[in-house]
Amino acid sequence: MDEALRTKPSSRKPKYSRFTQQELPAWKPILTPKWFITSFVTIAILFTPAGLLCLWASEHVVEIVDRYDDDCLPDSYATNPETFIQSKNTNKTCVRTLKIPRKMTAPIFIYYQLDNFYQNHRRYVKSRSEKQLRDPDDEDETDDCKPIENLNGNEGGPIVPCGLVAWSLFNDTYKFFKGNKVIDIDKKNIAWESDKKYKFGSEVYPKNFQKEGLIGGGQLDESKPLSEQENLIVWMKTAALPTFRKLYGRINTDLEANETITIVIQNNYNTYEFGGEKKVALSTANWIGGKNDFFGISFLAIGGVCFFVAITFILLYVFKPRPPGDPTYLSWNRNQPAQ
Amino acid sequence: MARGGIREKLRRSSLYTLANIRTKPSYRKEEAASEELSGYPRVIFVNQQTVSDDTPPPIFCTNYVSTTKYTLFNFLPIALFEQFNRVANFYFLVAAGLTFTDYAPFDWPSQVVPLALVVGFSLAKELYEDLQRHWQDMTANCQKATVHVGNGVFESKQWRDVCVGDIVKVKKDEFFPADLLLLQSSYEDGMSYVETMNLDGETNLKVKRALQNMSLPVVADDDKAVHFSDFRPTIRCENPNSNLYTFTGNLEYNGHIHPLDPAQLLLRDSKLRNTEYIYGVVVFTGNDTKVMQNTTQSPSKRSKIELQMDKIIYLLFGLLIFISIVSASGFGYVVRNLVPLWWYLMPEVPGEDFDINNFFVSGLRHLVTALMLYGYLVPISLYVSIEAVKILQARFINNDLHLYDEVTGVPANARTSNLNEQLGQVDTILSDKTGTLTCNQMDFLKCSIAGCPYGKRPSEVELAAAKQLKALDTHDEEASIGSLSDTTSLEAITITDDGNANKSQAIKGFSFQDDRLQNAKWLKEPNADVILLFFRILAVCHTAIPEISEKTGELTYEAESPDEGAFLVAAREFGFHFIKRTQNSVVVRERLSMDQEPVEKEYNILTLLDFTSKRKRMSVIIRDESGQILMFCKGADTIIFDRLADTGKQYLEATTKNLNDYGEAGLRTLALAYKKLEENEYSDWYEKFHKAQIASGSNREELLEELSDVMERGLTLVGATAVEDKLQKGVPECIDRLALAGLKIWVLTGDKMETAINIGFSCSLLRQGMTQICIVVSAEMLAEAAKHVIKENILSQITTAIQTIEDKKETRAAFALIIDGKTLTYALEDDMKFQFLNLAVNCASVICCRVSPKQKALVVRLVKEGTGRTTLGIGDGANDVGMIKEADIGIGISGVEGMQAVMASDFSIAQFRFLERLLIVHGHWCYKRISKMICYFFYKNITLALTLFYFEAETGFSGQMHYDDWYMLLYNVFLTSCPVLALGVLEKDICAEFCLQFPALYQQGPKNLFFDWYRIIGWLANGVYASFVIYIVNLRIFSPESFRKEGQTADMYVIGTAMFTSIIWVVNVQIFLVSHYLTQVQLHTIWGSIVVWYLIVYIYGMTPVDWSAGNIYHQLPEVLGPAYKFYLSTIFVTILCNMPYLIHISYQRCYNPEDHHVLQEMKNMKKDVTDTKMWKREQVKATQDTEIGLSARVDAKMRLMKGRTTRKYSSLAYSSS
C-alpha cells in the first residue's frame, strides 16, 4: 500500500542533471538602453540604404502602362459594349501609340493587366483538373471542373482543358510596330519551367475546347500540346488579387527614349460586362523586379521611424536616465515613500 | 461507476434469493417489526456466511474501494465526452465533421489530423493517470485480512472480500480492513488501544472497550477461537454516516440486548496498537465506512489561469463568429450584386458554393464555410500544448533535489499537473497541524521549579528569533538601535546550541540541558525538596504503560499523549525511572545521588482522576511507602493556579513569570502541584466518590466531576514544565517566508485549543502582544441552550470582535482568531458564515481547533468561495483529505502517516518546509511560463487567422485561401509548437535564489499581473497588428508588377508562401523577444522552426504532383528562391511586425521596469556580490506587511524594546553565560 515504505529511499532520489534541476546554461539577454538604442540605430542604418537601393533599382525600371478598354470601344457601342464584344462581326482591332519616355533595354516585358477580375474567386480557382492537364489518360478527370466539364452534357466527351480557368483564357492580342517595322515578340519561356515540364502534359492536346455555345475566352491550337501553350499556362496560374498582371511576351530589342511605338490590339476579351479594366504594360525588370516604389519608401519610412525612436530614447536616456539595477525602481520602494 | 455497477448487480441477486427462499418471508416480517421497534435501520446477521442457505445476509456494499474516475467500459465515452465538453474541442469536432462536405474551404486532413492528435494525446494522459489510481486502489484492496470462515477456522482473505457480518481478527500494528465492532481483545477486560492518526490526525492512543457484560463463547485465549462457530448475534445499528465520533445500535445475543456506543467501534484505516490482537465484527464496509463517508467527491480542479483562458477562447469565438458573419454578409452582397456580372464564373449555373438567385441561402451556407476557415483563430493545439508543458513542469517538480527529503527518501510528487501555475497564485494556506507543522514529538525542554527557571537550551522559536535579530542588527543600522547588547547574548545562545546539538539529541523526547539539575546535582540546589517532589510528580502522575522493547530490551512508554511520554523520559533522565505499572501501583526506580544504587519505590495508587479536555488537569492520589497519602496534580496553569491553597502560592509569582517566558518561547506548559491528605479526609471523600462511580444514571458524570473538583483544591504549587512540540524542520522559517511573501496561513487542527494555541506560538502564528479573539461557546450552553440562542451568542461574539478590530485599526494591533469545532459548526452555517469570514480575514492568523475532517473542508470552501482567492490545503492524514480535495490546490505530506492525504492531493511533498520552494520558486515560474505561453499562443493564431480573413475579403468573400492546406495543418501542430513548448517548460524570469530572497516577487502571481486583461488584450492587439502588416506589406510588395528579374508575376500561392514565410519569421522572432532565459533548447527550436519551414516548402514542393495539390510545385527553388524580393520582404516584415513590441518593452525597461527586470539587471551587474548591503536591505524590504511569522515577531519585539529599558533577553543572557 505504501510505496514509500516498500522501495528503498535511495532509489527514489531524483538523479541530478542540469536539465531536471533547471540549471541549464542559458543566454539571458537583458534589454539595456545600450542594446535597444543600438538595435534601433542599426535598423535605421540598415534600412535607409536598403530603401535607397530599392528606390534606385525601382527608378531604373522603365514602365509604360496603357489602359485601352475604353478607348478601344467604338463610340457607337458606348452604351452597349457587351454587344460589341460578343459579336463576331465587329472590328475589334484597335491601334494605340505609345512614346517611350526613357531608354528601355532588352528584355522588355509585355504584360496585360486586368482590373476587377476575380481570378481568386473560390469557384474559379477550384474549377480545374490538374490531372487532366498533365496526363492524356486522365482526360476524363473533369469532376473538379464544374461547370465546364464535358461537351454537351456528357455526350461530347471531356473538354480539354476543362474548367472555368482555361475556359476564360485571356485572348486579346498585341502586335508592336516601330514605324512600319514589326517588333518581334518572344512568347516562349514566359511560363515557369516546372509547369511546362510537369504540370502541363506534352501529350495533352486541347479537345472540344470552346466548342459549346457559350464561348468564354481564347481558343487553343489543337495541334499543339498544352505544355507548349504558354499563354494558357501563365493564365492558369491564378492571381492573388482582382488586379493583376500577367506576362504576355518579351521584346528582345532595346527601345530608345522618345521612340514612338504602335500597338495593334485585337480587343477580344470581355471586361465590359463586369466593369473591369484592361491595360497593356511594357516594363523592364532588374533584381527588384518591376517598378515598385512602395518597397523602397517603406524601408526608408521604417528606417526613419527607427531613427526617431532611437533619438527619442537617447534623449530620454540622457535627460532622465534610469541606472540599471537601481533598487529605487523596485515595486516595494515605489509604492511607499523612500525610507 | 464500477461501484454502482456492482451494487446494482448485488441488489438484483438479493431479490432473486428472496424470491426463492420459502422460509424467508415470515422471518423477514419479524425482522421488520423488530426494526421498527428498535428504530435502527441497519440489521446485520453476524457470522452467518456458512448458513447462508436459509438466512441470506442482507446485502451491503462490498469492501472494495475504488477511487478511479473511469472503468474499462465507460472510459471512452466519458473521457471523450469530457474532451469534447471543452468548447474549443467540440467546435473542432464539428468542423472536422464538416470537412467531409462541400462547405469546407480545405481538405479533411487539415482538420481531422490535428484534432485526432490533440484528443488522442489527452486521452492517453487520462488513461495513464487513471491506471495509476487503479493500481493504488488494488494494492489497498488486496491487503490481507484474517477472516472467520466458519467452524472457528480463520483464513486470510483480501480486504475487498471482507463482508458485513464477518468476524475478523486483527493483530497488533495492523490496520482495520473495515469498520469493526470490537468483540474481544487480547486483554481480559476487552480493552484495546487504537491509533486513529489517519482519521483525525491525533497520534495519541484511543482506548476502545468491548461490551462488558456480554458473555462471549470464548475467553481470551487464542486457541479457543473455534467457539466463534456458534456465535451468531444480530446487530442493529444506524445507517452509514460520516460522523467519526458517533455510533449507536444494539447487539442481540442469546436473548439479551446490549446497547452499543462509539467505544466499541474500530474504524477502517486506524491501527491496532499495544494490543496483541482483537476480534471484531464487520459493521460497515467499503464506501459505507466512516473514512470513506468522510471523503468528499474529488472535484476536477482547474487552475484560474485556465478558467480565464476559457474566457479568452470565448472572446475569440466571438471574434470568429463576428468575422464569419461579416464574411457571410459580404459574400451574400457580392453574390447578389456583383457575381451576376462575372461571366467567367458562369454565375447562372447554381453550384454548392452559391446561387445568384438565392443570395441569402448562399450567405448562410458561406457562414458555415467561414466558421471553419477562421477556426485558426482558436488554437486547437493550445490545450494539448498546455498539458504537455505542464507534464514537463511537473517532472521538474518531481525531480527537484531541493524538494527531496534525504531522511525519508521521499521526493516531491506532482500528482496532477493541472495546477502547476496555480501554485504561483496562492493567497491563503490552510494547514493541518499535527504531522504537518509538528512532528508530534514532544521534547522536555525547560522547567520551573520553586519559581526558579531551569533549562538553558533555547527553543526553536527563540533560536529563530535570535537569528533574525542578529541578521537585522548586522545589516540594518536603523533597527539595531538599542539592541546591541541583546545581540551578544543571543549569539551566545546560538553557539551553545550548536555545540550541544550532537550529543544530547540522542535521547528522544528530552532536550533539557542544565547542569544544575542533571547528574543528581539538583541535591545541591537550595530547594532540593521541592525539586524532588517535582520529579516524583512527573514519574507518578500519568496514565502511561511501560513497555519493554523486544529488540533492545529498553523500556519505552505507551502514553496517551506524547507530552506524558516526554515527562516520563525526563523523569528517567533526572533519576526517577518509572519501570512498572500494576493494577493499583506504580513502581519507580529512584536514584537520589550519583554514588548510591537506585532504589525501587512502589507508590500505591488510590484514585486516578483522568484528564479530560474539559477538566484540563489530571490527578493521582497515592500512598507512598511511608504511608503518607498525597495527591499529585498536573494541569493547565490557569486551572491549577485557581486551585492553589493560600499557603501553596509561595512560588506563584515567579512561576507565572517563567510560564509567560515559556509561552513566548512557543512551549507547551503544564503546572504541577501537590497536596497532602489526611487518612480520614481521604476515606470520607473516597466513600462518596466510590458511590458515585458505581451509580448509574444520567447525573453520574456530573457527580464525579463535582467530587473531583472538591478534592482538587487547596493545592501547593511545585513548578511548571515546558515541553516543546517539536516543529518539523524548518517550519517556522518556512511560515515566515510564506508570510513575507504575502500568504495568509490558517491552521485547522483536530487538537485541543491549548495545544493549538501553543503551536500557534511556536510557529509564530501567534505572539505576545497579539490580541487573541476566542470564539467559544461554553459546554453548558451547548448542552442546554436552544440552537438559536447559541447562534445569537456566537454572532454577538463575532460582531463584538469585528468592532474591536475596527476600533484598533490605527494602532497596528494584530489579532488572532481562535475558534473551536463546536462553535465552528454554527459559525459555518449559511446565515452566519460571511460574518465569520469577515472577521477571519481581518485577523492576522486564524486557528480552528477540534475540527472534524468535514469541517476542515467546509472552512476551505468558505474561504475559497467567500474571498474568491486561491486556497491551498496542506495536510498529512486521512482527516485532511476533505480539505485537500476542497482547496484549489491540495498538498499532501508524504510523511510517516498513511497515504490517504497523498492520494487525495494534487502535489505531495515530504515536509512542510518544501512548501516554500514549491510555491515561491516552482509556482512563480510555472505561473509566468503558462501565462506567457498562453498569451503567445493566442497571438500567433490571431496573426495567422486574420491574414486569411483579409485575403478572403479580396476574393469576393468566396472563402478561398492563399495558403496550401498543409501549411495550415502544420502551423499549429508542428511549425510553431516547439518554441512555445520550450518557452512553457524552460522560461525563467528570475533564478530560484532570487525568488526565495525576494518573497515579494511572489505577489505577481496572486495579483495576476501577467495574465490580466490589459496584458491579454495587448497581445491580441499585437496579433491583429502583425497580421495586418504581414498581409498588406507582402501583397503590396509582390503585386501586381513582376517580382523578379525574369519578369514573371506572382500568382496566388507564391504570395501565400511569401506571406506564410513572414508569419513564421514574425512569430518566431516574437517568441525570441518574449523569452528571457534562452537555453540551447529554445534557441534550437526557434531557429529550427524557421529552418524546418524552408525545408518543408522545399521538400513538399519537390514531391510528385500527384501527391501534393501541386499549388507550390517547385516553388521555392524555381520561383521564390531566386527572387531577392522574397528575402527582403521577409526581413522587412519581420522587423516591422516586432517593432511595436520592441519599443514597448524598451520603454517599459527604461521607465517602468518591473521587479524582475531590475533584479535581472542587478544580477547581471553582480550587485548581489558587490553591494551586499543594498542587497540585504532590499531583501528585507521585499516583503509584504504581515503580522505573523518570525519577522513580525521580531518586529514587534523591536518596537517593544525601543520603548523599554529592561532587556527582554537578560535572563537568557544570564543563563547562557
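Residues numbered from 1 in each chain as written. Chains lettered and ligands numbered in written order. Predicted model: local features only at pLDDT ≥ 70, side-chain atom pairs only at ≥ 80, totals over all residues. Heavy atoms only, no water.

### Points about the overall build of chain A
Summing up its helical and strand segments, chain A has ten helices and nine strands in all. A compact globule built from 339 residues should have a C-alpha radius of gyration of about 20 Å, whereas chain A, at 32 Å, is more than 25% larger. A buried classification covers 52% of the 339 residues belonging to chain A. Here the contacts in chain A between residues at least 6 apart in sequence split such that 78% fall between residues at least 24 apart. For chain A, the centre of its 43 positive side-chain charges and the centre of its 41 negative side-chain charges are spaced 11 Å apart. (Helix = DSSP H or I, 4+ residues; strand = E, 2+ residues; numbered from the N terminus. Rg over C-alpha atoms; globule rule 2.2 N^0.38 Å. Buried < 20%, exposed > 50% of the residue type's maximum accessible area, 1.4 Å probe, protein only. Contact = heavy atoms within 4.5 Å. Lys, Arg positive; Asp, Glu negative; His and termini not counted. Charge placed at Lys NZ, Arg CZ, Asp CG, Glu CD.)

### Some thoughts on the overall build of chain B
Looking only at helices and strands, chain B has 41 helices and 34 strands in total. Nonlocal contacts in chain B, meaning residues at least 24 apart in sequence, comprise 74% of its contacts between residues at least 6 apart. In the form shown here, chain B has an accessible surface area of approximately 47800 Å², with 56% of it arising from carbon and sulfur atoms. (Areas by Shrake-Rupley, 256 points an atom, 1.4 Å probe, with all protein chains shown as cover.)

### Some details on the state of the cysteines
All names here are of chain A. Applying the stated criterion across every chain, the model contains two disulfides over all chains. The side chain of cysteine 72 participates in a disulfide bridge whose partner is cysteine 94; the two sulfur atoms lie 2.0 Å from each other. Torsion about the S-S bond of the cysteine 72 and cysteine 94 cystine: about -70°, corresponding to left-handed handedness. Linking cysteine 72 in the loop between β2 (63–67) and α3 (81–86) with cysteine 94 in strand β3 (residues 93–99), this pair joins segments that are 22 residues apart in sequence. On the basis of relative accessibility, which here comes to 6%, the residue cysteine 72 falls in the buried class. Between the sulfur atoms of cysteine 145 and its disulfide mate cysteine 162 the distance is 1.9 Å. With cysteine 145 in the loop between α5 (130–134) and α6 (164–167) and cysteine 162 in the loop between α5 and α6, this pair connects stretches of sequence that are 17 residues apart. (Disulfide = S-S within 2.5 Å.)

### With respect to the interface of chain B and chain A
In this assembly, 120 residues from chain B lie in contact with 105 residues from chain A. Regarding the contact of chain B and chain A, the summed buried area is about 10100 Å², with carbon and sulfur atoms giving 64% of it. Of all residues in chain B, Trp343(B), Tyr344(B) and Tyr1151(B) give up the largest surface area on contact with chain A, accounting jointly for 9% of the area buried on that side. The interface formed by chain B and chain A includes four salt bridges. The closest approach of N and O atoms between Lys237(A) and Asp1051(B), which form a salt bridge, is 4.0 Å. Connecting chain B to chain A are 36 residue pairs in polar contact (both at pLDDT 80 or more). Top contributing element to the side of chain B that touches chain A by residue count: helix α36 (residues 1124–1151) of chain B, with 16 residues. (Buried area = accessible area lost by both parts, 1.4 Å probe. Salt bridge = Lys/Arg side-chain N within 4 Å of Asp/Glu carboxyl O. Polar contact = N/O pair within 3.5 Å; in protein donor to acceptor, adjacent residues only side chain to side chain.)

### Regarding the pattern of salt bridges
Residue and element names in this part refer to chain A. On inspection of all chains with the given rule, the structure shows 63 salt bridges over all chains. Here aspartate 69 ties to arginine 67 by a salt bridge, and the two come within 2.7 Å at their closest N and O atoms. One salt bridge in this structure joins lysine 207 and glutamate 139, with 2.5 Å as the shortest N-O distance. Here glutamate 139 lies in the loop between α5 and α6 and lysine 207 lies in the loop between α7 (193–199) and α8 (230–236), a separation of 68 residues in the sequence. Of the residues examined, lysine 207 reaches a relative accessible area of 33% and is grouped as partly exposed. Among the charged side chains, a salt-bridge network with shared partners connects Arg67, Asp69, Asp70, Asp115, Glu277 and Lys279.

### Some words on the UniProt feature "binding site: Mg(2+)" (unreviewed entry) in chain B
Residues and elements named next belong to chain B. Summarizing the sequence annotation, UniProt attributes the feature "binding site: Mg(2+)" (unreviewed entry) to Asp432, Thr434, Asp876 and Asp880 in the numbering used throughout. The named residues occupy 449 residues along the chain; their greatest pairwise C-alpha distance, 10.5 Å, places them in one compact cluster. For threonine 434, a relative accessible area of 4% puts it in the buried group. Within the secondary structure, aspartate 876 is located in the loop between β31 (871–875) and α26 (881–886). Using a relative accessible area of 3% as the deciding quantity, one classes aspartate 876 as buried. (UniProt positions renumbered as here; feature names shortened; annotations may be inferred.)

### Some words on a nonpolar patch on the surface
Taken together, the side chains of Phe307(A), Ile311(A), Ile314(A), Leu315(A), Val318(A) and Phe319(A) define a hydrophobic patch exposed on the protein surface, amounting to about 610 Å² of accessible area. Of note, Val318(A) is situated in helix α9 (residues 293–319). (Patch = residues over 30% accessible without salt bridge, like charges linked within 9 Å, V, L, I, M, F, W, Y side chains within 5 Å.)

### Observations concerning the sheet that holds strand β28 (residues 771–775) of chain B
Residue and element names in this part refer to chain B. If you walk across this open sheet you meet the nine strands as β14-β33-β32-β31-β15-β27-β30-β29-β28, and the pairing is mixed. Across the chains shown, the open sheet's two edge strands, defined by having one partner strand only, are β14 (413–414) and β28. Bridge count for strand β15 (residues 428–431) against strand β27 (residues 744–748) is four bridges, and the pairing is parallel. Across the sheet, the residue bridging to leucine 430 is tryptophan 746, located in β27. Contacts from helix α25 (residues 853–867) reach β15, β27 and β31, with the element oriented near 160° to β27. (Pairing = 2+ DSSP bridges. Axes fitted to C-alpha atoms, helices over the stretch in contact; angles between N-to-C directions.)

### Structural notes on the domain arrangement of chain A
Residues and elements named next belong to chain A. In terms of domains, chain A is made up of domain 1 (31–61 + 288–320) and domain 2 (62–284). Contact with domain 1, which involves six residues of that partner, is made by five residues of domain 2. Here domain 1 and domain 2 share an interface that buries about 370 Å² over both sides, 38% of which is from carbon and sulfur atoms. Sorting the residues of domain 1 by area buried against domain 2 places Glu59, Val61 and Lys291 first, and these three jointly supply 80% of that buried surface. Remark: the boundary between domain 1 and domain 2 carries zero salt bridges. Taken together, domain 1 and domain 2 are joined by one residue pair in polar contact (both at pLDDT 80 or more). Each residue belonging to the side of domain 1 that touches domain 2 can be placed in one class, and the counts come to one nonpolar, three polar and two charged. (Domains from an automatic or database assignment. Nonpolar A, V, L, I, M, F, W, Y, C, P; charged D, E, K, R; others polar.)

### Considering the packing of aromatic side chains
Here a ring pair, both rings aromatic, is described through the centre-centre distance and the interplanar angle of the planes. All names here are of chain A. Across all of its chains, the model carries 82 aromatic pairs over all chains by this definition. Relative to tryptophan 235, the ring of phenylalanine 117 has its centre 5.5 Å away and its plane inclined at 65°; by these criteria the two rings are edge-to-face. Separated by 118 residues along the polypeptide, phenylalanine 117 in the loop between β4 (108–115) and α4 (122–126) and tryptophan 235 in helix α8 bring together distant segments of the chain. For phenylalanine 117, a relative accessible area of 0% puts it in the buried group. With a relative accessible area of 0%, tryptophan 235 lands in the buried category. (Phe/Tyr/Trp six-rings, centres within 6.5 Å; stacked < 30°, edge-to-face > 60°.)

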